[in-house]
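Structural features, examined
Each chain, written out:
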Amino acid sequence: SDLSGWRAVSGLTPTVTDLLIDPQDAARWLAGTPAGVYHSEDGGESWTLITPPWDVWDMAFSSNGRLFVARGNGLVWTDDVGASSVTWTQSDGMEGVTFFHIAPDPNDPMRVWVGSWGNDIGVSTDGGATLRSLHNGLEALSVLSILWHATSGQITIGTIEGLYRSDDDGATWFKLPGALQAQTVYALLQADDGTILAGAADGLWQSRDYGVTWTRAPGMPEATILRLGVTAGDDENLLWAATEGAGLWTSSDGGRAWTEAGLPDRSVYAHVRRGDRAIVATSEGLLTTP
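Residues numbered from 1 in each chain as written. Predicted model: local features only at pLDDT ≥ 70, side-chain atom pairs only at ≥ 80, totals over all residues. Heavy atoms only, no water.

Some thoughts on the layout of surface pockets
When its volume is computed, the second largest pocket comes out at roughly 180 Å³. Along the walls of the second largest pocket sit 13 residues, with Asp105, Asn107, Trp148, His149 and Ser152 positioned nearest its centre. Residue composition of the lining of the second largest pocket, grouped by class: four nonpolar, six polar and three charged. (1 Å grid on protein atoms, 1.4 Å probe; cavity = no way out; pocket = protein on both sides within 12 Å on 5 of 7 lines; lining within 4 Å. Points joined across faces, edges and corners; volume = space filled by probe spheres on them. Nonpolar A, V, L, I, M, F, W, Y, C, P; charged D, E, K, R; others polar.)

What follows is the structure, encoded as structure tokens:
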């Protein structure tokens, strides 16, 4: 596929599944891969493997700076990602479970939810020290995305069988009706104006009535949407959608219009910006614009 304007970042595995920049140190980058977590202290110029050979799916910082890593065999975390030798702690509970998505509670750093394959949601209320299944009607469901709403107690999750909502902090759940009820939903995002975006196996959907009705996002291909995010640029908050096999797409107007941002034919897993540079984690490595 066309790579004009992009260059590969060397020193990493052929596939990079996630990319984070440490909110406390812009020069510290973390790359999740099928071979473990790599970290760079010089803005991606050089990389060091800081874990055993884990199959990493997702990474997230909690509001107090703790780094969580979702992998094919349980949840792990560390408080010293910048140390010369990083110490990792495995959460006690659900050790053999594959986790896809980490959702630290934005208002409580001790509370972390993680979406799993076939084991609904792993819940920790002690910063990842212990982990247990939420259940509450979600038993055996595969949960791929978790969205905390601004209204306390309201949560939406994307699963392999559509969308579910809780209005009582996860005690009870109801399935959202409409176009996505039989669809796999990989990613969820709420824009500043309240619009909910859902990245599904058959494309990007949006709801302006809190999930009651859904319409296709204008201009987007009907490709599988793997991740959604918002990246703070110099003068705007850019929404981005990472697809399976259809490159990166962005929106600068809150999701009303979408444009292709490059890398057609590639699978993209994450997107960050450093000034004018775009950096993306893809099925063929970490790529950056000049």
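Continuing now.
Things to note about the pattern of salt bridges
Counted under the stated rule, the structure contains twelve salt bridges. For Asp169, the salt bridge identified is with Arg111, shortest N-O distance 3.0 Å. Of this pair, Asp169 sits in the loop between strand 16 (162–166) and strand 17 (174–175) while Arg111 is found in the loop between strand 10 (99–104) and strand 11 (112–116), placing the two residues 58 residues apart along the sequence. You can call Asp169 partly exposed: its relative accessible area is 37%. One salt bridge connects Asp202 with Arg216, and the closest N-O pair in it is separated by 3.3 Å. Note that Asp202 is positioned in the loop between strand 19 (196–200) and strand 20 (203–207) and Arg216 in strand 21 (residues 215–216), a separation of 14 residues in sequence. Judged by relative accessible area, Asp202 falls into the buried class, the value being 19%. When its relative accessible area of 34% is taken as the criterion, Arg216 is described as partly exposed. A single network of salt bridges, built from pairs that share partners, joins Asp22, Asp25, Arg28 and Glu41. (Salt bridge = Lys/Arg side-chain N within 4 Å of Asp/Glu carboxyl O. Helix = DSSP H or I, 4+ residues; strand = E, 2+ residues; numbered from the N terminus. Buried < 20%, exposed > 50% of the residue type's maximum accessible area, 1.4 Å probe, protein only.)

Some remarks on the sheet that holds strand 14 (residues 143–148)
Across the sheet, which stays open at both edges, the four strands sit in the order 14-15-16-17 with antiparallel pairing between neighbours. Pairing within the sheet leaves two strands with one partner each, and these edge strands are strand 14 and strand 17. For strand 16 and strand 17, the ladder comprises two bridges, and the chain directions are antiparallel. Across the sheet, Arg165 pairs through a bridge with Phe174, a residue of strand 17. (Pairing = 2+ DSSP bridges.)

Observations regarding the packing of aromatic side chains
Enumeration according to the criterion identifies six aromatic pairs in this entry. When the ring of Trp113 is compared with that of Trp148, the centres are 4.9 Å apart and the planes differ by 50°; the resulting orientation is tilted. Taken together, the positions of Trp113 in strand 11 and Trp148 in strand 14 put the pair 35 residues apart, joining distant regions of the chain. Each member of the pair, Trp113 as well as Trp148, is classed as buried. An aromatic cluster is built from Trp57, Phe100 and Trp117, whose rings are joined through pairwise contacts. Between Arg71 and the ring centre of Trp54, over which it is positioned, the NZ or CZ distance is 4.6 Å. (Phe/Tyr/Trp six-rings, centres within 6.5 Å; stacked < 30°, edge-to-face > 60°. Lys NZ or Arg CZ within 6 Å of the ring centre and 35° of its normal.)

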